[in-house]
Amino acid sequence: MEYGVVVRWWLFYQVLLVVGLPFAARLLPDSPDRGASVAAPVGMVALAVPTLWVGHLAFGLLPVAGVAVAVLAASAWLARGGVDVPRRALAEVVAVFTVAFLFLLAVRAASQGVHPYGGEKFLDFGLLQTLLRADRLPPLDFWFAGERVVYYYGGHLATAVFALLTGTSARFAYDPALAGFYAMAVTAAYGLASTVAARSVVDDVAGVRPETALGVAAAVFALGVVAVDVPWYYLAAPAAFAAAVLAGSTRVRAGVLAAFVYGFGANLVTPVRLLAASFDVVRRAVVAAGIKSNRAPAVTVERFDMWHASRVVEVGINEFPLFAYLNGDLHAHMMSVPVLFVAVAVGLAYHRTPAGDLRRRWALLFGGFPVAAATILTVNTWSFPAVAGVAWLAVALADAPPRTLLPGDLADRLARAARPTRELQRVVLAAVVAVAVALLALAVAWPFVWSVLLAGASNQHPAAFPAPTQLGAFVLVHGLFLVTFAAYLVSRAARDRSDWAAAGLAAVAAVAVAAVFDPVVAGVRVGVVAVLLAGPLLAGAWALRRREAVGFEGVLVVAGAGLVVLVEYVYLADAASYERFNTVFKVYAQVWALWTVPAGVALAALAARTPSATRLREAGGTALVVALVVSASLYGAFAVSTHFDTADDATLDAYEHVWDERPDEAAAVEWLADRPGQPTIASAPGTTPYSWQNPASSLTGVPTVAGWVHAANYHSEDAYDQRVSDVGIVYETTDARSRAVVLEKRDVRYVWVGPIERGRYDVAISAQEPGVSVAFRNDGVTVYEVDQSALTDRENE
């Protein structure tokens, strides 16, 4: 285990927190932690934006260090009067980050490094390696030699910056970077939820009575053991969470619950499938409601599979954070969450700013939001509309009317309109602000927009009315949030038991209608499940926010519900997937993040004991929270236990898999990784992705003529096919002159001949040819070096 790397990166993240703290403290000056929980992501954003601009002129250690010094100087200037952060709050932030960071590092140390199976680690690691080799941005495409990357690489750019500043090679930077993104997201969720809860929920000093909480928890655990025959040690994690989250103040409880939901929680697939294995009525209900057709409705403890819970929607991937981080891709939808939480923090800051503080409101809208949106555009372009949406909702649902942003005379005239018109003004003016935020963000990220976004836009187009999500899949995927938010919103609006009864009947009716109503319009199925189940949450949260019955958590409930409903009717069709497969994948990841903060607030409020609460209501709220927490914990208990049970040596070495499984190729990879610059190699094209294809380019960042077929999606299928043909000539032609023509055309420096190449081609290249020599050889791999000048001289003879 590389403990020195762990300490170095932990210290780096603490420096990042300190650097970002003066910026974050001005963003959230009235929060309990003065913005410390989002300080590290803010520091990352402060580094990322100028690096993007400078990097298009020059990239490497010296330019990055120069940007870092400038950001440090700006931070020091902002902190010249001191930054007043309560010690306890700062200690909470550091503790949460440290626990999350070490947890994920332990997970990664028990993994098998970077491998191509079941994910996109080859893509992610290759992007990191090519960035570390780059002398300017965008970097060269390691799967399409001679061309620049046409992909949202901002998160990998941040990782490369971190690696350069810590003096870490990509081989040992991959895992600490992934753990850092995870820990920053968990910490931000903790801080934002505790900040919102500090105002939205009446605090209770004593909290829920320990005997009540633990009694309910014990009953749930006993029921679980009896019902599904789960070994007691698998319930250790759920028991710990159930006991821990029901102690302390409501503010802390909200933060812990939000951190739990993002960092360890899962959907309801696992507990329901376990019950379905023991109770036939549950199994029949799951089958009738509908899940993905190739997924079994039941599972036993012995046949648990961590993948199933992320694959229950018929067309799409319904990932959640814990699955994604256990799988271990350093992928865009995971790295963008800390930046998304920065945008949420900007929205929260705007929400809390008085109408009279016009300068601050304008700065947040047209300074804070565009910078966050520009950063997320480069990290995960799919999340860019979500930031604009958060800006829209923050303005539309703030206490301060949007018209107060306008000049006085115009604002006064708008204020004299009838109430329905004033409500419409909120929506329209907020939409204008969101459009302005998006346009400013495009300007802030213009180097990326010009070099990447516009180059790849032609491969995508909007589409409508996909195959709708089935009721069972929808409830299993979103049930944790649906139940939590429904109970919370009703608790904010209900006056007596009759209101609760009416809400319960309405929920049952909505599920019943969704189960039987399947409309077809003009021959197209039009789903109603999302409208019937998520739509009421959207409408209820909007209405209660306007009545000031809920706080900023209502804004985030609306944001997530809006996205869930939206993807049932429109999606972005792209060459990388079929129908709305990628849209569901990317959008559901955003929904989970956006709903994390209000889920923490809502769960804490439901479990809180307030002076007006009856003993029955107190026990009911506590029981509901414990049941939800335990249900959401079961997947993690099984998945993490299984993960560590199959571990071997603990290491953060990204090359662990290749050394364990293919030592000859590992030695050749290390040799190639040590070559300076970005010479072009020829290797067998990866026409069957998600398998052991193109290890040389993917693990070193050295560009290959034709890599994984993914590259065709972002460049050109015809160009990719021509490259595949050229590579075939390099390996199989018996005419040395023809081979020389292709080697010169593609500017090839090395020809990689490994097991894949020998299995696919009748390899005819030889060191006997002019301009070709053996640069590396072992029992499994031969790497030929090409002297371009010798090839040219031969052709001119």
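Residues numbered from 1 in each chain as written. Predicted model: local features only at pLDDT ≥ 70, side-chain atom pairs only at ≥ 80, totals over all residues. Heavy atoms only, no water.

Our focus in this paragraph is the overall build of the chain. If you tally the helices and strands in the chain, you get 35 helices and eight strands. Over its C-alpha trace the chain gives a radius of gyration of 27 Å, about what one expects of a compact globule, namely 28 Å for 797 residues. Principal-axis analysis of the C-alpha atoms places the extent of the chain at approximately 95 × 65 × 60 Å. Across the 797 residues in the chain, those meeting the buried criterion constitute 59%. For the chain, contacts bridging at least 24 residues in sequence account for 76% of all contacts bridging at least 6. (Helix = DSSP H or I, 4+ residues; strand = E, 2+ residues; numbered from the N terminus. Rg over C-alpha atoms; globule rule 2.2 N^0.38 Å. Buried < 20%, exposed > 50% of the residue type's maximum accessible area, 1.4 Å probe, protein only. Contact = heavy atoms within 4.5 Å.)

Counted under the stated rule, the structure contains eleven cavities of 30 Å³ or more. Looking at the largest cavity, its volume works out to about 110 Å³. In this structure, the largest cavity is lined by Leu123, Leu127, Asp141, Phe142, Trp143, Val149, Val150, Tyr151, His710, Ala711, Tyr714 and His715. In terms of residue count, helix 31 (residues 710–714) provides more of the lining of the largest cavity than any other element does, three residues in total. Along the lines of polarity and charge, the residues of the lining of the largest cavity split into nine nonpolar, two polar and one charged. (1 Å grid on protein atoms, 1.4 Å probe; cavity = no way out; pocket = protein on both sides within 12 Å on 5 of 7 lines; lining within 4 Å. Points joined across faces, edges and corners; volume = space filled by probe spheres on them. Nonpolar A, V, L, I, M, F, W, Y, C, P; charged D, E, K, R; others polar.)

Among the nonpolar cores identified, the biggest contains 254 residues, and Tyr13, Phe341, Tyr635 and Val751 are the most heavily contacted of them. Among the elements that make up this core, the one with the highest residue count is helix 7 (residues 170–200) (19 residues). The residues contacting Phe341, other than those within four sequence positions of it, are Val38, Ala185, Ala188, Ala189, Leu192, Ala593 and Val597. (Core = buried A, V, L, I, M, F, W, Y, C linked by side-chain atoms within 4.5 Å.)

Axis separation between helix 1 (residues 3–27) and helix 2 (residues 39–55) bottoms out at 7 Å; the angle between their running directions is 90°. Of the possible angle classes, the one that applies to helix 1 and helix 2 is roughly perpendicular. Here Leu16, Leu17, Gly20, Leu21, Phe23 and Ala24 of helix 1 lie close against helix 2, whose contacting residues are Ala39, Ala40, Val42, Gly43, Met44 and Leu47. Broken down by class, the residue content of the contact of helix 1 with helix 2 amounts to ten nonpolar, two polar and no charged. (Axes fitted to C-alpha atoms, helices over the stretch in contact; angles between N-to-C directions. Parallel < 35°, antiparallel > 145°, perpendicular 65-115°, else oblique.)

Turning to the sheet that holds strand 5 (residues 680–682), a few remarks are in order. If you walk across this open sheet you meet the four strands as 5-6-8-7, and the pairing is mixed. Single-partner strands in this sheet number two, and they are strand 5 and strand 7 (772–777). Put simply, the sheet's adjacent strands are angled 30° from each other on average, direction ignored. Of the strand pairs in this sheet, strand 6 (residues 748–753) and strand 8 (residues 782–786) are connected by four bridges, and their pairing is antiparallel. Note that in strand 8 the partner of Tyr750 across the bridge is Glu785. Along the sheet face, helix 32 (residues 717–732) touches strand 5 and strand 6 and points at about 70° away from the line of strand 6. (Pairing = 2+ DSSP bridges.)

Following the sequence through the fold, Asn380 ends up in the loop between helix 16 (358–379) and helix 17 (384–396). A distance of 3.4 Å separates the side chain of Asn380 from the side chain of Ser336, its partner in a polar contact. Every residue in contact with Asn380, bar those within four places of it in the chain, is listed here: Tyr152, Ala332, His333 and Ser336. (Polar contact = N/O pair within 3.5 Å; in protein donor to acceptor, adjacent residues only side chain to side chain.)

A full pass over the atoms with the stated rule returns 41 aromatic pairs. Considering the side-chain rings of Phe12 and Tyr13, the 5.8 Å spacing of their centres and the 65° angle between planes classify their relative orientation as edge-to-face. These aromatic residues form a ring-pair network of at least three members: Phe304, Trp307, Phe320, Phe323, Phe481, Phe485, Trp592, Trp595, Tyr635 and Phe638. Geometry around Trp77 places Arg80 over its ring, the cationic atom sitting 4.0 Å from the centre. Stacked on the ring of Phe144, the Lys or Arg Arg723 has its end atom at 3.8 Å from the ring centre. (Phe/Tyr/Trp six-rings, centres within 6.5 Å; stacked < 30°, edge-to-face > 60°. Lys NZ or Arg CZ within 6 Å of the ring centre and 35° of its normal.)

The next point concerns helix 2. Between the first and last C-alpha of helix 2 there are 24 Å, a value that for 17 residues agrees with the 24 Å anticipated at 1.5 Å per step. For helix 2, the buried fraction is high: 14 of the 17 residues fall into the buried class. (Expected span 1.5 Å × (residues − 1).)

The next thing to look at is the pairing of strand 7. The pairing of strand 7 with strand 8 spans five bridges and is antiparallel. Each residue of the ladder has a partner; that of Val774, found in strand 8, is Tyr784. Between strand 7 and strand 8, which pair antiparallel in sequence order, lie four residues.

Further remarks concern the pattern of salt bridges. One pass over the full model with this rule turns up 19 salt bridges. Ionic pairing is found between Glu670 and Arg171, a salt bridge with its closest N-O pair at 2.9 Å. Taken together, the residues span a long stretch of sequence, with Glu670 in helix 29 (residues 663–673) and Arg171 in helix 7 at a distance of 499 residues. Residue Lys745 is joined to Asp726 by a salt bridge in which the shortest nitrogen-to-oxygen separation is 3.0 Å. Placement of the pair is Lys745 in helix 33 (residues 736–745) and Asp726 in helix 32, with a sequence separation of 19 residues. Taken together, the salt bridges that share partners define one network made up of Arg88, Glu92 and Arg251. (Salt bridge = Lys/Arg side-chain N within 4 Å of Asp/Glu carboxyl O.)

Packing of helix 2 against helix 6 (residues 154–166) leaves a shortest axis separation of 10 Å and a crossing angle of 100°. Our classification of the angle between helix 2 and helix 6 gives roughly perpendicular. Across the interface between the two elements, Met44, Leu47 and Thr51 of helix 2 pack against Leu157, Ala158, Val161, Phe162 and Leu165 of helix 6. Looking at the contact of helix 2 with helix 6 residue by residue, the class counts come to seven nonpolar, one polar and no charged.

A few words on the confidence of the model for the chain. Should the pLDDT be low somewhere, the predicted coordinates at that spot are not to be read in detail. Taken as a whole, the chain shows an average pLDDT of 89; of its residues, 91% reach a score of 70 or greater. Long-range and interchain partners of residues 203–214, a stretch whose pLDDT sits below 50, account for 30 contacts in this model, where long-range means more than four residues apart. (pLDDT = per-residue confidence, 0-100.)

What follows deals with a negative patch on the surface. Residues Asp648, Asp649, Asp660 and Glu661 make up a contiguous surface patch of negative charge. If you trace the backbone, Asp649 turns up in the loop between helix 27 (615–645) and helix 28 (656–661). (Patch = residues over 30% accessible without salt bridge, like charges linked within 9 Å, V, L, I, M, F, W, Y side chains within 5 Å. Areas by Shrake-Rupley, 256 points an atom, 1.4 Å probe, with all protein chains shown as cover. Lys, Arg positive; Asp, Glu negative; His and termini not counted. Charge placed at Lys NZ, Arg CZ, Asp CG, Glu CD.)

With respect to the helices, strands and loops of the structure, Thr51 is situated in helix 2. Apart from the residues within four sequence positions on either side, Thr51 is in contact with Phe59, Val67, Leu137, Leu157 and Val161.

Before going further, it helps to examine unusual backbone geometry. For the peptide bond that leads from Leu137 to Pro138, omega is -10°, which places it in the cis range. Within the secondary structure layout, Pro138 lies in the loop between helix 5 (121–133) and helix 6. One non-glycine residue, Phe465, lies in positive phi territory at about 55°. Assessed through its relative accessible area of 46%, Phe465 is described here as partly exposed. In the Ramachandran plot, Asn694 falls in the positive-phi region, its phi being about 55° despite a non-glycine side chain. Tracing the backbone shows Asn694 in the loop between strand 5 and helix 30 (695–700).

Moving on, we come to the environment of Ala289. Its place among the elements puts Ala289 in helix 12 (residues 280–289). A relative accessible area of 24% means that Ala289 is categorised as partly exposed. Considering only alpha carbons, one finds Ala289 and Trp53, 236 residues apart in sequence, at a separation of 51 Å. If sequence neighbours within four positions are ignored, Ala289 has contacts with Gln470, Leu471 and Gly472.

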